[in-house]
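Residue strings, one per chain:
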Amino acid sequence: MKKLNLCIDIDGTVTEPYFWLKYANQHFNRTITPEDITSYAIEDILGIEKEAFYEFYEKYGPLLHAEAEVRPGVHETLERLYLDHDIHFITARALEMHPVSLEWLQRHKLPLDSLTLLGSHDKVGKASELSCDIFVEDRYENAVQLAEAGFLVLLIDCTYNQGEIPSNVIRVKDWPEIGTVIEQHAQKAI
């Protein structure tokens, strides 16, 4: 088995994808449900300006990231994968969210070799720097961009990331399936 460099997004990938919804509904006086979220552009779903969303994120970001729940199967899958592979979390979160992000990962006892907060959705450069073998992502646009740069991407299925995918993007339904696909890829890569 080949040792792989696994790059993993956090929000919506490791966390429950709609962890922010309760606070957004309260703040903006909305009744949005997960089924209503058909786009990653949260401001469009909420019917607000980008600036209003940024103000919301400034106010609630640390709380949202601290309280986010882990998707089922994440802990078991990452513990198993960490025995044979390197795990690098790469997130678009703002740089000032580093302390709350690291504390969240540690509190949930998620194994990692590194944590990178980019402050943008452009993950190709960091994935290249880490010699990423597989990138686990939930944002459709990121998956396509990473695939176009030559990376194998596992796109965890969500209501907001539907669309045609390149051949080097594999749509997966949950973390147990992610673990299986990664282990199969590691066996083939020998």
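Within every chain, residues take consecutive numbers counted from 1 along the sequence as written. Local features in a predicted model are, by the rule used here, given only for residues with pLDDT of at least 70; side-chain atom pairs are given and counted only at 80 or more, and totals for whole chains, interfaces and linings are based on all residues. Only heavy atoms go into the side-chain values, all of them from the structure, while hydrogens and water stay out.

(A) Geometry of the packing of helix H4 (residues 74-82) against helix H8 (residues 175-188). At their nearest, the axes of H4 and H8 sit 8 Å apart, and the two run at 15° to each other. The angle between the axes of H4 and H8 places the two elements in the roughly parallel class. In terms of crossing hand, the pair formed by H4 and H8 is right-handed. Only Trp175, Pro176, Gly179, Thr180, Ile182 and Glu183 of H8 make contact with H4, whose side of the interface consists of Val74, Thr77, Leu78, Arg80 and Leu81. Every axis in this analysis is a line fitted to C-alpha atoms, fitted for helices over the stretch in contact. Angles between the N-to-C directions lie between 0 and 180 degrees. Note on conventions: DSSP H or I runs of at least 4 residues are helices, E runs of at least 2 residues are strands, and numbering of each starts at the N terminus. Roughly parallel here means an angle under 35 degrees, roughly antiparallel means over 145, roughly perpendicular means 65 to 115, and every remaining angle is called oblique. Put simply, a crossing is left-handed when the front helix is turned counterclockwise from the back one by less than a right angle, and right-handed when it is turned clockwise. By the convention used here, residues are in contact when the closest approach between their heavy atoms is within 4.5 Å.

(B) Representation of a negative patch on the surface within the structure. Like-charged residues are merged into a patch within 9 Å and nonpolar side chains (Val, Leu, Ile, Met, Phe, Trp, Tyr) within 5 Å, provided each residue has over 30% relative accessible area and no salt bridge. Shrake-Rupley sampling with a 1.4 Å probe provides the accessible areas, and residues are treated as covered by the protein chains on show and by no other component. By definition here, a salt bridge exists when the distance from a side-chain nitrogen of Lys or Arg to a carboxyl oxygen of Asp or Glu is within 4 Å. Just so you know, the count uses Lys and Arg for positive and Asp and Glu for negative, and it drops His and the chain ends. Note on charges: their place is set at NZ of Lys, CZ of Arg, CG of Asp or CD of Glu. Together, Glu49, Glu51, Glu55, Glu58 and Glu96 make up a negatively charged patch on the protein surface. Structurally, the position occupied by glutamate 51 is in helix H3 (residues 50-67).

(C) Seen up close, the packing of aromatic side chains. Any Phe, Tyr or Trp ring, taking Trp's six-membered ring, that has another such ring centre within 6.5 Å forms a pair; planes under 30 degrees apart are called stacked, those over 60 apart edge-to-face, and the others tilted. In this structure the tally under the stated criterion is six aromatic pairs. With 5.6 Å between their ring centres and 65° between their planes, tyrosine 40 and tyrosine 160 make a pair best called edge-to-face. Of this pair, tyrosine 40 sits in the loop between helix H1 (21-28) and helix H2 (42-46) while tyrosine 160 sits in the loop between strand S5 (152-156) and strand S6 (169-172), and the two are 120 residues apart along the sequence. For the exposure calls, accessible area comes from a 1.4 Å probe over protein chains only, and a residue counts as buried if that area is under 20% of its type's maximum, exposed if over 50%, partly exposed in between. Judged by relative accessible area, tyrosine 40 falls into the partly exposed class, the value being 26%. Overall, tyrosine 160 belongs to the buried group, its relative accessible area being 8%. Centre to centre, the rings of phenylalanine 53 and phenylalanine 56 are 5.8 Å apart; their planes meet at 45°, and the pair counts as tilted. With phenylalanine 53 and phenylalanine 56 both in helix H3 and three residues apart, this pair spans about one turn of that helix. On the basis of relative accessibility, which here comes to 14%, the residue phenylalanine 53 falls in the buried class.

Honestly, that's just the spatial picture; any functional story needs more than this.
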